Amino acid sequence: MKEYRQNVAAIILNKENKIWLGKRADGMNWGFPQGGIEAGENPESAIIRELSEEIGTKNFEIIGQYPGTLKYDFPKDMKFPTWTYAGQEQHYFLVRLDEQAKIDLESHPEEIEFSRYQFSSLTEILKIDFGFKNEVYHQALAYFSNIIEKNWRKKNGNRKNNR
């Protein structure tokens, strides 16, 4: 039986209801912040720690959690020096940055995960190919899309979303 690394991931919204995407510092695709669940952590405490480490802020609110987990397999040619998992089993969270949140990709210089970031609309993000994470990303985005759309409508009145 395959063994999967227990992991958390976040889809992050800003005040304009756009979604955060980071360009991975290791040269891989753009993606969402994610990381392993450490011994003694629950998924919620792990996502708070991971966002602090990877984007340099704890100024956010968790507004949704995917029911259960999503899994992906690593490509066969992807190797890791310290572990041999088949892939990752992820707990997904939807978070909204507070107004005062400041992104600092170098807050933990010993392990910089992202080289740059941008905020994009849901429509724009659904057009991106995320490689081997594509299916999981799209499942999580589909699950949270109603919340994302509802928040957009609330912010902009009930006008049609012309993203």
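What counts and how
- The numbers attached to residues start from 1 for each chain and follow its sequence in the written order.
- Two thresholds apply to this predicted model, a pLDDT of at least 70 for residue-level local features and 80 or more for giving and counting side-chain atom pairs, whereas whole-chain, interface and lining totals are computed over all residues.
- Excluded from the side-chain calculations are hydrogens and water; all other atoms, namely the structure's heavy atoms, are used.
- Each helix is a run of DSSP H or I of at least 4 residues and each strand a run of E of at least 2, with the numbering of both proceeding from the N terminus.
- Here the globule rule is a power law, 2.2 Å times the number of residues to the power 0.38, and the radius of gyration is based on C-alpha atoms.
- Using a 1.4 Å probe on the protein chains alone, a residue whose accessible area is under 20% of its type maximum counts as buried, one over 50% counts as exposed, and one in between counts as partly exposed.
- When checking whether two residues touch, look at their non-hydrogen atoms; a contact exists if any pair is within 4.5 Å.
- Here the accessible surface of atoms and residues is derived via Shrake-Rupley with a 1.4 Å probe, and residues count as covered only by protein chains that are part of the display.
- A helix's residues, less one, multiplied by 1.5 Å, set its expected span.
- As used here, the term nonpolar core means buried Ala, Val, Leu, Ile, Met, Phe, Trp, Tyr and Cys residues forming a set that is joined through side-chain atoms within 4.5 Å.
- Salt bridge criterion: a side-chain nitrogen from Lys or Arg within 4 Å of a carboxyl oxygen from Asp or Glu.
- Every residue carries a pLDDT, the predictor's confidence in it, which falls somewhere between 0 and 100.
- Polar contact criterion, stated in full: a pair of N or O atoms within 3.5 Å, where within protein one must be able to donate a hydrogen and the other to accept it, and residues adjacent in sequence count only if both atoms are side-chain atoms.
- Aromatic pairing here means that ring centres of Phe, Tyr or Trp (its six-membered ring) are within 6.5 Å. Orientation follows from the plane angle: under 30 degrees is stacked, over 60 is edge-to-face, and everything else is tilted.

Chemist: Can you help me understand the overall build of the protein in this one?
Modeler: Regarding its fold elements, the protein presents three helices and eight strands. Taken from the N to the C terminus, the helices and strands of the protein come in the order β-β-β-β-α-β-β-β-β-α-α. Computed over its C-alpha atoms, the radius of gyration of the protein comes to 16 Å, within 12% of the 15 Å expected for a compact globule of 163 residues. Classification of the 163 residues of the protein by burial places 43% in the buried group. In the protein, of all internal contacts separated by at least 6 residues, the share reaching a separation of at least 24 is 71%. Taken as a whole, the protein presents about 9,200 Å² of accessible surface, with 46% of it coming from carbon and sulfur.

Chemist: Looking at this structure, how should I read helix α1 (residues 43–55)?
Modeler: Residues spaced three or four apart along an α-helix face the same direction, because each turn holds 3.6 residues. Between the first and last C-alpha of α1 there are 17 Å, a value that for 13 residues agrees with the 18 Å anticipated at 1.5 Å per step. Downstream of α1 by a residue or two, Gly56 has a phi angle that is positive, lying close to 75°.

Chemist: What should I look at first to understand the side chain of Thr57 in this one?
Modeler: Here Thr57 lies in the loop between α1 and β5 (60–65). Given a relative accessible area of 3%, Thr57 falls into the buried group. Among all residues touching Thr57, those that are not within four sequence positions of it are Leu51, Ser52, Leu97, Ala101, Lys102 and Ile103.

Chemist: How do you make sense of the nonpolar core when you look at a structure like this?
Modeler: In summary, soluble globular proteins display a tendency toward joint burial of nonpolar side chains. Counting residues in each nonpolar core, the largest one holds 22 residues, and the members touching the most others are Ile11, Ile19, Phe32, Tyr92, Leu141 and Phe144. Where this core is concerned, the elements lending two or more residues are β1 (4–13), β2 (19–24), β6 (70–73), β7 (87–97), α2 (122–125) and α3 (134–155). A total of six residues in this core trace back to one element, the largest contributor, which is α3. Not counting residues within four places of it along the chain, the set of residues in contact with Tyr92 comprises Ala9, Ile11, Phe32, Gly64, Gln65, Tyr66, Leu70, Val136, Tyr137, Ala140 and Phe144.

Chemist: Looking at this model, I keep getting lost on the pattern of salt bridges. Mind explaining?
Modeler: According to the stated counting rule, one finds eight salt bridges in the structure shown. Glu113 is the partner of Arg24 in a salt bridge, and the nearest nitrogen-oxygen pair spans 3.6 Å. Highlighted residues: Arg24 in strand β2 and Glu113 in the loop between β7 and β8 (114–120), separated in sequence by 89 residues. Assessed through its relative accessible area of 17%, Arg24 is described here as buried. For Glu41, the salt bridge is made with Arg49, and the minimal N-O distance between the two is 2.7 Å. Where salt bridges share partners, they join Glu38, Glu41, Arg49, Glu50 and Glu53 into one cluster.

Chemist: Honestly, the confidence of the model for the protein in this entry has me stumped. Any pointers?
Modeler: Of all residues in the protein, 92% have pLDDT values of 70 or greater, and the mean over the chain is 90. Segment residues 158–163: pLDDT under 50, and eleven contacts once partners within four positions in sequence are set aside and those in other chains are kept.

Chemist: Sorry if this is basic, but what is going on with the environment of Lys2 here?
Modeler: Along the chain, the position of Lys2 falls in the segment before β1. Residues Lys2 and Ala86 lie 84 residues apart in sequence; the distance between their C-alpha atoms is 5.9 Å. For Lys2, the residues in contact, after removing those within four places along its chain, are Asp73 and Ala86. Within the structure, Lys2 has its side chain in polar contact with the side chain of Asp73 (distance 2.8 Å).

Chemist: Please explain the packing of aromatic side chains as it appears in this structure.
Modeler: Aromatic ring pairs are defined here through the distance separating the ring centres and the angle between the ring planes. Scanning the entire structure with this criterion turns up eleven aromatic pairs. Note on Phe130 and Tyr137: the rings are 4.7 Å apart at their centroids and 55° apart in plane angle, and the pair reads as tilted. Note on Tyr137: relative accessible area 1%, which makes it buried. Judged by centre distance (5.2 Å) and plane angle (75°), the rings of Tyr143 and Phe144 are edge-to-face. A network of ring pairs unites the aromatic residues Trp20, Phe114, Tyr117 and Phe119 as a single cluster.

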